[in-house]
Amino acid sequence: MKSITSRDNPQVKLWKRLAQETTAYRKTEQFWLEGDHLCRAAIERGVRPLQVVMTESFQVEQGEKWMDLTDQVFVLPDALFDSLSGLESPARMGFVVAWGAEKQVLPDQPTVVLDRLQDAGNVGAILRCASAFGYRQVLAVKGTAALWSPKVLRAGMGAHFGLKLLESVGESDVAALQVPILTTSSHEGPFLHEMLRRGDLPSPCAWVFGHEGQGVSEALMAMARHSVRIAQPGGEESLNVATAAAICLHASASVGL
């Protein structure tokens, strides 16, 4: 265990970069997890940290529980840890974890495709739904929020560690999928609940969810077997993309139950 007290320490500068910069993980090949809940979720999925970083107060209360995960354990004054955290309420401990880009698309797997989604909260929420409903592969089209950014990791609440995540994919990668592709539409196509009732909802499949304002691109729309509507008897014009994804993925998970 090593104690660090200076803001100018190179390790502290690196942790701050990982905790606050959206795409730092791509250059450093490391990402930052903050908070015992998220770190425990990673451990439960077999992840082991390169480094454990904790505050002095956390070390006194719980430090021994985390000491055996790595030989690189660092303790910081609480105020110094707060200064590197990207959270409004810093969580007093974090992991540095090795990262490597996934490159191989699995063509026959149930898949979620994110088409240029911008909001980190939406992306993280969809990853949680994908994991919960049995989807094991997520393809993020170039222009989608960085999947391993601190905000998406927080919103995903551990879902990342049960998913195969590919970033910056192109249309050819989506076209390589061998499962039926489905998209959503506000105004046309069959209703989701009717497809489910008739047994017409394919499983496994790939769901494509598009940009919050522009929707799914024309090129990806052209690949879809169906453009599916979600019934909205209350009359709203459209649903938040993460809400729509939860409904669609749950419906697919219900096939055969």
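The following refers to the structure shown. (Residues numbered from 1 in each chain as written. Predicted model: local features only at pLDDT ≥ 70, side-chain atom pairs only at ≥ 80, totals over all residues. Heavy atoms only, no water.)

**Focus: the nonpolar core**
Counting 55 residues, the largest nonpolar core has F31, L33, V112, W148 and W207 as the members making the most contacts within it. Top element by residues in this core is helix α11 (residues 241-254). It accounts for seven residues. Leaving out residues up to four positions away in the same chain, L33 has contacts with L38, C39, A42, M93, G94, F95, V97, L153 and F161. (Core = buried A, V, L, I, M, F, W, Y, C linked by side-chain atoms within 4.5 Å. Buried < 20%, exposed > 50% of the residue type's maximum accessible area, 1.4 Å probe, protein only. Helix = DSSP H or I, 4+ residues; strand = E, 2+ residues; numbered from the N terminus. Contact = heavy atoms within 4.5 Å.)

**A closer look at unusual backbone geometry**
Going from S203 to P204, the amide bond is cis rather than trans, its omega being 5 degrees. Along the chain, the position of P204 falls in the loop between α9 (192-198) and β10 (206-210). Despite not being glycine, M157 shows a phi value in the positive range, around 50 degrees. One can find M157 in the loop between α7 (150-156) and β8 (164-169). For M157, a relative accessible area of 33% corresponds to the partly exposed category. Its identity is not glycine, yet S168 carries a phi of approximately 55 degrees, on the positive side. For S168, the position within the fold is in strand β8.

**Regarding the environment of L18**
Following the sequence through the fold, L18 ends up in helix α1 (residues 10-20). Not counting residues within four places of it along the chain, the set of residues in contact with L18 comprises A24, T28, Q30, W32, V96 and P150.

Any functional reading would require information beyond the geometric quantities listed.
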